[in-house]
Amino acid sequence: TYSNGTCYTAGECSSKGGSSQGNCAAGFGVCCIFSVSATASSVSENCTYIVNPSYPSNYAPTSTPTTVSYTINKCSNDICRIRLDYDTFVLDGPVTTILANIDTSGQCSTDRLTMTTTDRTNVPATGGTATYGHYPYICGTNTGYHSYLDLSCTATDSATLSFVIGGATNNQWKIKVTQYSCNDPGVASQQGCFQYHEGITGTIQSYNFAGGNQLVGQNYKNCIRQEEGYCCIQYNVISYDMGGGLADTVADCVTAGGIGGANRCSGAALCSMDFIIIPGAGQTPSGNPGSQETYERFCGLNLNALGFPNTNQPIISCECPFELSHITGIEALSGIAANSADPPVGFSLSYSQIAGGC
């Protein structure tokens, strides 16, 4: 894949440790590409690429497990946000979701990427001390996805990306690192958003959706920038399978038509694991006509504002800011179908903003 660069003079590019690839500024400058690959490397230039050792070939460590880590330092003192674009991201996927793996399904037990910053140091952990991290971990196939990390205003704050590699195959990554100033007018509104989407229309997917299996330890927000003149947002299902909602109700959302005979897979009482949250969800901009029931949590096999599991229907929210949260179990996924050929893959939703007088 191609790489974006920064226009410098040839001398500046060389002194900064970049690589000249083509001309810019009518031939007075060069397109300077910054990249690092070796473990313990540091990033200090904006628009730097982090690639696996041996890139573009697969990374095959001499021993496993091994850890490859990178430190991202602020390119200037006023940096508050870091965007990670996964131009290439292929690791081993999570533990498959079948009945035999009920205690570990969805865990990134072979390979994983964890992210920390100076003041956000917790990473997801499983086992006896299971806990969410400040940021989720990811594994599997996530090419084309992105993530955001928050930094404080302290000049020395940094971020660390750590790849734990437990296998000799499926170890490829190319990550574009972009840094944003605290003075950027959009940065403050983005804080706390692990994914941030722009545009009137777009697509939101759970991590490793392309790999076909949901991940544990997810607890983050997708945020969509409200475009001028647009007051509501509509979500439509491309693909959706969140599995069961309760740790002790493995198959109800998949095989029994609803949790506990409630004929729905929605609501905080029934969706306590592996769910999405859409604030202000309804069938119309004004809610659910003819029904007093409103839900913001959704699990199961279908997405419907009323929570009925037998059909997908568009969901509309007029609650701003536009957000969609994704939460899964800490140790294992709860939605294991009796038919193990149908694992909970997560979600792929299209969104479209609705114009109106706000």
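Here, the structure is the one placed above.
The rules behind the values
- Residues numbered from 1 in each chain as written.
- Predicted model: local features only at pLDDT ≥ 70, side-chain atom pairs only at ≥ 80, totals over all residues.
- Heavy atoms only, no water.
- Core = buried A, V, L, I, M, F, W, Y, C linked by side-chain atoms within 4.5 Å.
- Buried < 20%, exposed > 50% of the residue type's maximum accessible area, 1.4 Å probe, protein only.
- Helix = DSSP H or I, 4+ residues; strand = E, 2+ residues; numbered from the N terminus.
- Contact = heavy atoms within 4.5 Å.
- Pairing = 2+ DSSP bridges.
- Axes fitted to C-alpha atoms, helices over the stretch in contact; angles between N-to-C directions.

Counting 38 residues, the largest nonpolar core has Ile 50, Leu 84, Tyr 86, Met 115, Phe 163 and Trp 173 as the members making the most contacts within it. Among the secondary structure elements, those contributing two or more residues to this core are strand 6 (66–73), strand 7 (79–90), strand 8 (112–117), strand 10 (158–165) and strand 11 (172–181). Per-element tally for this core: the top contributor is strand 7, with 5 residues. Listed in part, the 19 residues of the second largest apolar core include Ile 204, Tyr 295, Ile 315 and Leu 349.

On to unusual backbone geometry, then. Apart from glycine, the bulk of residues carry a negative phi angle, and the bulk of peptide bonds sit in the trans form. Along the chain, Tyr 55 connects to Pro 56 via a cis peptide bond; the corresponding omega equals 10 degrees. Examined against the element boundaries, Pro 56 turns out to sit in the loop between strand 5 (48–51) and strand 6. Residue Pro 321 is reached from Cys 320 by a cis peptide bond, and omega for that bond is 0 degrees. You can see Pro 321 is positioned in the loop between strand 18 (315–317) and strand 19 (322–327). If you check the backbone angles, Ser 54 has positive phi at about 80 degrees while not being a glycine. Counting through the fold element by element, Ser 54 comes out in the loop between strand 5 and strand 6. Classification of Ser 54 as partly exposed rests on a relative accessible area of 47%.

Along the chain, Thr 160 falls in strand 10. You can call Thr 160 partly exposed: its relative accessible area is 25%. For the pair Thr 160 and Ser 42, spaced 118 residues apart in the sequence, the C-alpha separation amounts to 9.2 Å. Here Thr 160 is in contact with Tyr 70, Thr 71, Thr 114, Met 115 and Thr 116, once residues within four sequence places are set aside.

All right, on to the sheet that holds strand 10 then. The mixed open sheet is built from 4 strands, whose spatial order is 4-6-10-8. Pairing within the sheet leaves two strands with one partner each, and these edge strands are strand 4 (41–43) and strand 8. When strand polarity is set aside, the average angle formed by the axes of neighbouring strands in this sheet is 20 degrees. Across 6 bridges, the pairing between strand 8 and strand 10 is antiparallel. Bridged to Met 115 within strand 10 is Leu 161.

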